[in-house]
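# Results of the structural survey
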Amino acid sequence: MPKPTRACDPDVVQRLDEVRIALADLGTALGREDDLGRILRGGVDQVIRAIPGADMASVTVLRNGTAKTAAATSARVWGIDADQYAAGDGPCLEAARTGGIVRVGGG
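Residues numbered from 1 in each chain as written. Predicted model: local features only at pLDDT ≥ 70, side-chain atom pairs only at ≥ 80, totals over all residues. Heavy atoms only, no water.

Attention shifts here to the confidence of the model for the protein chain. Of all residues in the protein chain, 81% have pLDDT values of 70 or greater, and the mean over the chain is 81. Predicted confidence in the protein chain is weakest over strand S1 (residues 4–5), with a mean pLDDT of 52, and strongest over helix H3 (residues 75–87), with 95. (pLDDT = per-residue confidence, 0-100. Helix = DSSP H or I, 4+ residues; strand = E, 2+ residues; numbered from the N terminus.)

What follows is the structure in structure tokens.
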């Protein structure tokens, strides 16, 4: 698995942070998990369109210390997230724990 790196472009960081804040606000506002899942699926699709070079995206939610993928752009991402949860480490868990933006580069 590629090593996670922090996004360096200030404009990209700002856009990602705005998406993160908006998704967090939606999560707080919505009480029903199925509504939240539907909105988050739309959100990850928007991230792929908005962020140059982004191929995949997901949203990891921590509840009572347990990580869960709330939305992802593909089945491959669900598998990658599951591997991170099993290992107890990875970019999704780092972002969920710190509230920061973590971008994984290919290659």
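Alright, that's what it looks like, and here's the rest.
This part covers the layout of surface pockets. In this structure, the largest pocket encloses a volume near 1,500 Å³. Every residue lining the largest pocket is counted, 41 residues in all, and those nearest its centre are Ala-57, Ser-58, Val-59, Cys-92 and Val-102. Contributing elements (two or more residues each) for the lining of the largest pocket: helix H1 (10–29), helix H2 (33–50), strand S2 (58–63), H3, helix H4 (91–98) and strand S4 (103–104). The residue makeup of the lining of the largest pocket, split by class, is 26 nonpolar, nine polar and six charged. (1 Å grid on protein atoms, 1.4 Å probe; cavity = no way out; pocket = protein on both sides within 12 Å on 5 of 7 lines; lining within 4 Å. Points joined across faces, edges and corners; volume = space filled by probe spheres on them. Nonpolar A, V, L, I, M, F, W, Y, C, P; charged D, E, K, R; others polar.)

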